[in-house]
Structures are given as structure tokens and as C-alpha cells.
Amino acid sequence: MTTAPLTAPAAGSPWRPVRTVLGYTCMLLAAIAFLLPIVWMVGSSFKPGTSILNDPLGFDPATATWRNWTGMFDNTPIMRALLNTGIVVVGKGGLLLVFSPLAGYGFAKFDFPFKNALFGLVLLTLMMPTLVLIIPLLLEMSQLNWINSYQALILPGAVDAFSVFWMRQTISEIPDELLDAARIDGCGPLRAFWSVVVPVLRPALAALAVLSLFTIYNDLVWPIVAINDQQHETLAVLLAGLSANVSGAQAGVSSADMWGQLMAACTFATIPTVLLFVFLQRHFIRGLLAGSSR
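Quick look at the structure, then. (Residues numbered from 1 in each chain as written. Predicted model: local features only at pLDDT ≥ 70, side-chain atom pairs only at ≥ 80, totals over all residues. Heavy atoms only, no water.)

1. Some words on the overall build of the chain
Part 1 of the argument: Along its length, the chain carries 13 helices and zero strands.
Part 2 of the argument: The order of helices and strands in the chain, counted from the N terminus, is α-α-α-α-α-α-α-α-α-α-α-α-α.
Part 3 of the argument: In the chain, which comprises 294 residues, the share counted as buried stands at 34%.
Part 4 of the argument: Looking at the chain as shown, the accessible area adds up to about 17900 Å², and 69% of this sits on carbon and sulfur atoms. (Helix = DSSP H or I, 4+ residues; strand = E, 2+ residues; numbered from the N terminus. Buried < 20%, exposed > 50% of the residue type's maximum accessible area, 1.4 Å probe, protein only. Areas by Shrake-Rupley, 256 points an atom, 1.4 Å probe, with all protein chains shown as cover.)

Dropping the structure here:
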């Protein structure tokens, strides 16, 4: 019996430490580039208005003040806008996370007439610019008397083509044998969907939730068209109004103070998105990488 001769492990590349240092350096520079505007925004929200205009990049802790925040809460209905945004995010996001997987399940695992043609029409809507749909949607909302209502903010676009496409592609990877076994055990289509498909789909659903909720939270074009009263305006519309008033159009508030209140409002509006990403980061990354091993 002979044994193969032992060989020494190959020595690592001499350039490996250099590549590692360069990689971390690039990531650090990218992180600074992305975080610098946020740090500037948060710092400016605590600066006097005149300091924002005279020394935009500087920050003196001795002059830090809460005046911008108190003025923002006193002069703007930001809590109402936050409530409206929360209602729209929960309502629209909930509809999307319920109906998009069901539509993807139907396209992926069921055969019915004109299935491919219908799915092609769904994908075709991805090529249509959003602005093309605004006037027809606005006329439809007007006919339904839904202008200045939560229905107008929630229902249009509650299920989009990208979400259906993503769910369809993910569900297609589930072996048919699992669904066949569920049917043999007496599960109907919806029970099989809930018991077999949803557990496998959770990482993709988490990633879809983060992407779609961010999109709904930051949407400006449709809310600013469908809503023209303060009772239903969202945070994005409120921030747009503050930006328009930064020249001092608001009575009793100087242009410098408006800059400070705008920075405070932007910081306040950023907090929910940061918290959402922190809590869902693990699921979001897992969902994006779910198909990397296939």
C-alpha cells in the first residue's frame, strides 16, 4: 500500500494584503461619500439658520440649538403627515405583499388559457413611464370622487409588475413535488400556498417589503397630483412644500430659519427609514442573495 506524498500548502499571493487594504479603503471612502450628506443634514438641523447660510460646512457645538426642531413642529403639520404616510405605507405595502405573491403563484404553478400572453402584458407595463399613467389615473380618481382621499393614495399601483415578476421567478424555483405532496395530503391551492410556498418565500418577501416600502414612503409624484389638502398630504409632499417656501414665502419666518426647519424636517423624515432598514437588514440581504446559489 502506497501513500501519496504530502505536499506543502501553496503560499499565499504576496499581493493579497495589498488587495485587502485597497478593498477596505475603497469601502471606507464609499461609506464616507454616502454618509457625509446625512451627517451634514443632521448637523445643520441643530445649527442657527444664519450659520447654515454663512458657514454651510462648519459646525460649532457651542451654538447648537433646538430652535429649528421646535419651529418645525410649531409651523408644519409634520406629525399629521407622518400619520398619513404610515397609513399609505401600511395599506399599500400590505396589499402589495399579499396580492403580488398570489399573482406570482398563479403564473408560476398553474396553467390557464393565455397565461404567457397575460404575463407578457404584465411585463409590458414595466416599460411604460410612470408619467404616462398619471392623467388616466387622475381622471379615474376624479370619476370615483376619490381625490383627496386615502383610496387615491393607496389603491393605484398597489400591485406592480416588478413585484409580480419577482414573486413569479422566485416561486418557479420551488419544486413541483412539494406542491404535489401537499395536494396528496389534502391541501387546496390556498392551503398549499400558505403551508409550502410562503415559508420558502419569506426571504424574498422581506427584501420586497424593504424595497417597496421605501418606494412608497418616498413617493412624491402621485401624492402631489392626487392630494391638494393638508389633511391627507404625506411627508414627501410636506418636504416639497417646505423646500418651495425656503425663499421666505412663509409669513413670519426668515429664509435662514426656513433652511433650518427644512433640515430638521428632512432629519425627522429619515428616522423611520433608518429604523426600518436596521430591523429588516438581515432579511433584506438574505432575500437579495436567495438566488445566488442557483
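2. Some details on a nonpolar patch on the surface
Part 1 of the argument: Together, Phe112, Phe114, Leu118, Leu121, Leu124, Leu126, Met127, Phe162, Phe165 and Leu211 make up an exposed nonpolar region whose accessible area comes to about 980 Å².
Part 2 of the argument: Residue assignment for the nonpolar patch shows that the elements contributing at least two residues are α5 (115–124) and α8 (161–172).
Part 3 of the argument: At three residues, α5 tops the list of elements feeding residues into the nonpolar patch.
Part 4 of the argument: One can find Leu121 in helix α5. (Patch = residues over 30% accessible without salt bridge, like charges linked within 9 Å, V, L, I, M, F, W, Y side chains within 5 Å. Salt bridge = Lys/Arg side-chain N within 4 Å of Asp/Glu carboxyl O.)

3. Comments concerning the nonpolar core
Part 1 of the argument: Grouped together as the largest cluster of nonpolar side chains are 30 residues, with contacts concentrated most on Met72, Ile78, Leu235, Leu239, Leu242 and Ala265.
Part 2 of the argument: When residues of this core are traced back to their parent elements, those giving at least two are α3 (67–75), α4 (78–109), α7 (150–154), α10 (189–218), α11 (221–226), α12 (235–244) and α13 (255–288).
Part 3 of the argument: Counting residues per element, this core draws most heavily on α13, at eight residues.
Part 4 of the argument: Beyond its immediate sequence surroundings of up to four residues, Leu235 is in contact with Ile78, Ala81, Leu82, Thr85, Tyr217 and Ala269.
Part 5 of the argument: Ranked by size, the runner-up nonpolar core spans 19 residues in total, among them Met167, Leu179, Val196 and Ala204. (Core = buried A, V, L, I, M, F, W, Y, C linked by side-chain atoms within 4.5 Å. Contact = heavy atoms within 4.5 Å.)

4. Examining the packing of aromatic side chains
Part 1 of the argument: Enumeration over the complete set of coordinates arrives at 11 aromatic pairs.
Part 2 of the argument: A ring pair is formed by Phe46 and Trp66, whose centres lie 5.1 Å apart and whose planes are at 85°; its orientation type is edge-to-face. Placement of the pair is Phe46 in the loop between α1 (16–44) and α2 (49–54) and Trp66 in the loop between α2 and α3, with a sequence separation of 20 residues.
Part 3 of the argument: Judged by its relative accessible area of 21%, Phe46 falls in the partly exposed class.
Part 4 of the argument: Here the basic side chain of Arg168 rests over the ring of Phe119, its NZ or CZ set 4.7 Å away from the ring centre. (Phe/Tyr/Trp six-rings, centres within 6.5 Å; stacked < 30°, edge-to-face > 60°. Lys NZ or Arg CZ within 6 Å of the ring centre and 35° of its normal.)

5. Structural notes on the packing of α8 against α10
Part 1 of the argument: Across the interface, α8 lies against α10 with an axial gap of 10 Å and an inter-helix angle of 150°. As summarised for this structure, α8 and α10 are arranged roughly antiparallel, according to the angle between their axes. Read as a crossing pair, α8 and α10 show a hand that is right-handed. Contact with α8, carried on its side by Ser163, Trp166, Met167, Thr170 and Ile171, involves Val197, Leu201, Ala204, Leu205, Ala207, Leu208 and Leu211 of α10 and no other residues of that element. (Axes fitted to C-alpha atoms, helices over the stretch in contact; angles between N-to-C directions. Parallel < 35°, antiparallel > 145°, perpendicular 65-115°, else oblique. Left-handed = near helix turned anticlockwise from the far one by under 90°.)

6. Some remarks on unusual backbone geometry
Part 1 of the argument: If you check the backbone angles, Phe114 has positive phi at about 60° while not being a glycine.
Part 2 of the argument: Its location among the elements puts Phe114 in the loop between α4 and α5.
Part 3 of the argument: The backbone of Asn148 shows a phi angle near 60°, a positive value even though the residue is not glycine.
Part 4 of the argument: Along the chain, Asn148 falls in the loop between α6 (130–143) and α7.

7. Side note on the pattern of salt bridges
Part 1 of the argument: Enumeration according to the criterion identifies three salt bridges in this entry.
Part 2 of the argument: Where Lys109 meets Asp176, a salt bridge forms, and the shortest distance between an N and an O atom there is 2.7 Å. With a gap of 67 residues between them, Lys109 in helix α4 and Asp176 in helix α9 (residues 176–184) connect regions that are remote in the sequence.
Part 3 of the argument: Taking relative accessible area as the criterion, Asp176 reaches 43% and is therefore assigned partly exposed.
Part 4 of the argument: Between Arg183 and Asp180 there is a salt bridge, with its nearest N and O atoms 2.9 Å apart. In this pair, Arg183 and Asp180 both sit in helix α9, three residues apart, roughly one turn of the helix.
Part 5 of the argument: Given the relative accessible area of 39%, Arg183 is considered partly exposed.

8. Some thoughts on the environment of Asp160
Part 1 of the argument: With respect to the helices, strands and loops of the structure, Asp160 is situated in the loop between α7 and α8.
Part 2 of the argument: Measuring from C-alpha to C-alpha, the distance between Asp160 and Ser100 comes to 7.7 Å, with 60 residues separating the pair along the chain.

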